[in-house]
Amino acid sequence: MSFFKLTNVRKTFGGLVAVNDLSFAIEAGSIVAMIGPNGAGKSTVFNLITGIYSPSSGAIDLEGRTLRGLSTDRVTARGIARTFQNIRLFAFMSALDNVMTGCHAQMRASLLDSLLHTPRQRAEERTVRERARELLKFVGLEGDADNYARNLSYGHQRRLEIARALATDPKLLLLDEPAAGMNPREKEGLIALIRRIRDKGVTVFLIEHDMHLVMNLSERVTVLDHGEKIAEGTPEAVRNDERVIEAYLGRADGAA
Amino acid sequence: MNPAVRRSLRFVPLLLLPLVPLVDHNNSHIDFLANAGAFILLALGLNIVVGFAGLLDLGYAAFFAIGSYSYAMLASQQFGIHVPFWVMLFAASGIAAIFGILLGAPTLRLRGDYLAIVTLGFGEIVPQTFLNLSQYTNGPNGISSLDSPSLFGHRFGFSATPYFYVMLGLIVIGVLLASNLQNSRLGRAWMAIREDELAARHMGINTTAAKLSAFALGASFSGLAGVAYAAKLDLVSPDQFQFNVSVLVLSMLVLGGMGNIPGVIVGSFALSFINSFLLPQSTNLVHSIGLTWIDFTDYRFMLYGVILVAMMLFRPEGLIPSRQRRAELREALTDPGISAQEQTEYEGAAR
């Protein structure tokens, strides 16, 4: 049984086939990537996994249990977290509050606890605040706890989004173009951070255009084009796959 | 200074309020303060829905009506039922909360303008229902001769002073509960929904439950206000809960500073003061010098309009805004930042 598995997943929007018969599996504790030209359906796959869209057909399973029909918040509670291609932080909440919000699903405070600030609620708030501070430190943002998310630099916002996703205590972390807009130095830092996340036991599944990062980090790569899987394997194998080169650069006999 | 201490220091002036009836023996002043108290409670409740959770509710007076009519029907000669006032405070806030959920549920998929329009509809339906169920509510005449509350065998009667203390007590409880909510798991969830609903769902927040609890809790405050206000007035009638009441309470939030409890209190007190004190008193004044053709109270809605327009132009965050709201409105004016384009993408994805 695979840790995480897509089986014949298909998603259509009206007549448009966004994802067609997609199957692949992810082993626990690995770092895997999905690449493909713009519009290949990569982000749609993430949206299908997190329950934003539901598949037209096919199955998505985490640890042998289906995610089908679960709402996004329940998918998160099952152990899947994500970041967004366009950063979607809570812009006017502090970095610390952003991460604390990520702890929502682990918290037990009921409506009554929240209304009355029972000792149980206060203890939980303290624990969660501490945990959020640790996560900020883990991604290197300990100095930014009280700043509004929107006032952080772009690279820091990306890191904060990762910290917020980790706060949900995921088994599988989906990163949607985490290196977009980063300079080379920030990218190196990101590579190290993603490795440390994996070393904590979190499986990482990322969408990325930056080939340096993909080749450096991932153990396996899935290539998507027009919603279909055209190649899968180790970075080296994928890099030399003819169909992949074709998808990115066009047909050899068509050019020149 | 410890922020918690600093926060509570702001409420110190409130400690002087219980002394007011001891030094001011003018019943009309106390009466005004007690009525203003009911509106502060309403504003605190609406602030949970609009300020904390960001759900624009234009029909909030409906819950005020439900609270008031609950008391009128269950504590009067109308049906011969006489539930004690103190029990009714709890019961009516529960009834209002249930209606908050019932009226909130159909609006959950709506956002912004559409949500506002549907709540506007509810705000019209509820008083209209009380008007038309005349065999139970006496229609336009309303229900009068409600039970006078009593405490330790002392009946409140027609003096405003006991109601002043009831309102004060309810406001203190309301402020504590509302600020507890704001600084809690649920309060953070509301804030997150207000900022980015889709991202909030990815944090494991059940946005449906969070929004419904905002409607329910907000409504429960107006249930309390409704019972106390009805008992004090000794009368409920459908015309007390028209659209203008919803707008008035919303204006209080806009004036004071949405999402910020001290701001909300200041805003609602200021509008009550203008409405029930300044305008009538100044009218009396000009009448006393012979200018009897002037009636300032006729201009109250024009004045609200002027205040709202002026606030939007010069201080959109309100008189005493929260740090967050100020940043949102001030920075949004100077720098689009996280922009309308992203907002559209999000609306698309959330569908």
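Read on for a plain summary of the structure.

Parameters at a glance
- Residues numbered from 1 in each chain as written.
- Chains lettered and ligands numbered in written order.
- Predicted model: local features only at pLDDT ≥ 70, side-chain atom pairs only at ≥ 80, totals over all residues.
- Axes fitted to C-alpha atoms, helices over the stretch in contact; angles between N-to-C directions.
- Helix = DSSP H or I, 4+ residues; strand = E, 2+ residues; numbered from the N terminus.
- Parallel < 35°, antiparallel > 145°, perpendicular 65-115°, else oblique.
- Contact = placed C-beta atoms within 7 Å.
- Nonpolar A, V, L, I, M, F, W, Y, C, P; charged D, E, K, R; others polar.
- Pairing = 2+ DSSP bridges.
- Expected span 1.5 Å × (residues − 1).
- Buried ≥ 20, exposed ≤ 12 C-beta atoms within 10 Å, placed from the backbone.

## Side note on the packing of helix α4 (residues 61–74) of chain B against helix α6 (residues 112–132) of chain B
Residue and element names in this part refer to chain B.
Thought 1: Packing of α4 against α6 leaves a shortest axis separation of 8 Å and a crossing angle of 25°. Here α6 runs roughly parallel to α4, going by the angle between their axes. Facing α4, whose interface residues are Ala61, Ala62, Ala65, Ile66 and Tyr69, α6 presents Phe122, Gly123, Val126, Pro127 and Phe130.
Thought 2: Considered class by class, the residues forming the contact of α4 with α6 number 9 nonpolar, 1 polar and no charged.

## Description of the sheet that holds strand β4 (residues 57–62) of chain A
Residues and elements named next belong to chain A.
Thought 1: If you walk across this open sheet you meet the 4 strands as β2-β1-β4-β5, and the pairing is antiparallel. Every other strand in the sheet has two partners, leaving β2 (16–26) and β5 (65–66) as the edge strands with one partner each.
Thought 2: Strand direction decides the pairing type here: strand β1 (residues 4–13) and β4, joined by 5 bridges, are antiparallel. Bridging across to β4, lysine 5 finds its partner in aspartate 61.
Thought 3: Against the sheet, helix α1 (residues 42–49) makes contact with β1, β2 and β4, and its axis sits at roughly 70° relative to β2, the strand it touches most.

## Structural notes on helix α5 (residues 85–104) of chain B
Residues and elements named next belong to chain B.
Thought 1: In this model α5 runs 27 Å from its N-terminal to its C-terminal C-alpha over 20 residues, within 8% of the 28 Å that 1.5 Å per residue would give.
Thought 2: Phe85, Met88, Leu89, Ala92, Ser93, Ile95, Ala96, Ala97, Phe99, Gly100, Leu103 and Gly104 are the residues of α5 that are buried.
Thought 3: In this fold, the buried residues of α5 make contact with α4, α6 and α11 (207–233).

## Structural notes on the sheet that holds strand β8 (residues 203–207) of chain A
Residue and element names in this part refer to chain A.
Thought 1: Taking strand neighbours across the sheet as the criterion, the 6 strands line up as β6-β7-β8-β3-β9-β10 in an open arrangement whose pairing is mixed. Two strands bound the open sheet, and with one partner strand each, they are β6 (80–82) and β10 (228–233). Ignoring which end each strand starts from, the neighbouring axes of this sheet average 20° apart.
Thought 2: Summarising the sheet, strand β3 (residues 31–35) and β8 pair through 4 bridges and their orientation is parallel. Among the inter-strand pairings, isoleucine 31 is bridged to a residue of β8, identified as valine 204.
Thought 3: Lying on the sheet, α1 is in contact with β3, β6, β7 (172–176), β8 and β9 (220–225); it crosses β7 at an angle near 150°.

## Topic: the pairing of β10 of chain A
Thought 1: Inspection of the sheet shows β9 of chain A paired to β10 of chain A by 5 bridges, in the antiparallel sense. Each bridged residue has a counterpart across the sheet, and for valine 221 of chain A the counterpart in β10 of chain A is glycine 233 of chain A.

## Overview of the environment of alanine 327 of chain B
Thought 1: Along the chain, the position of alanine 327 of chain B falls in helix α15 (residues 323–334).
Thought 2: Distance from alanine 327 of chain B to arginine 109 of chain B, taken between C-alpha atoms, is 28 Å for residues 218 residues apart in sequence.
Thought 3: Beyond its immediate sequence surroundings of up to four residues, alanine 327 of chain B is in contact with Phe92 and Tyr148 of chain A.

## Some words on the environment of glutamine 242 of chain B
All names here are of chain B.
Thought 1: Along the chain, glutamine 242 falls in the loop between β4 (235–236) and α12 (243–256).
Thought 2: Sequence separation between glutamine 242 and leucine 44 is 198 residues, and the spatial gap between their C-alpha atoms is 19 Å.
Thought 3: When sequence neighbours within four positions are dropped, the list of residues in contact with glutamine 242 reads Ala61 and Pro127.

## Overview of α11 of chain B
Thought 1: Across its 27 residues, α11 of chain B extends 39 Å between first and last C-alpha, which sits within 8% of the 39 Å expected from 1.5 Å per residue.
Thought 2: Along α11 of chain B, 23 of the 27 residues are buried, which leaves the element largely enclosed by surrounding structure.

## Re the interface of chain A and chain B
Thought 1: Taken together, the contact between chain A and chain B spans 31 residues of the former and 29 residues of the latter.
Thought 2: Of all the secondary structure elements, the ones that give two or more residues to the side of chain A that touches chain B are α2 (72–78), α3 (95–102) and α4 (111–116) of chain A.
Thought 3: Taken together, the residues of the side of chain A that touches chain B break down into 14 nonpolar, 12 polar and 5 charged.

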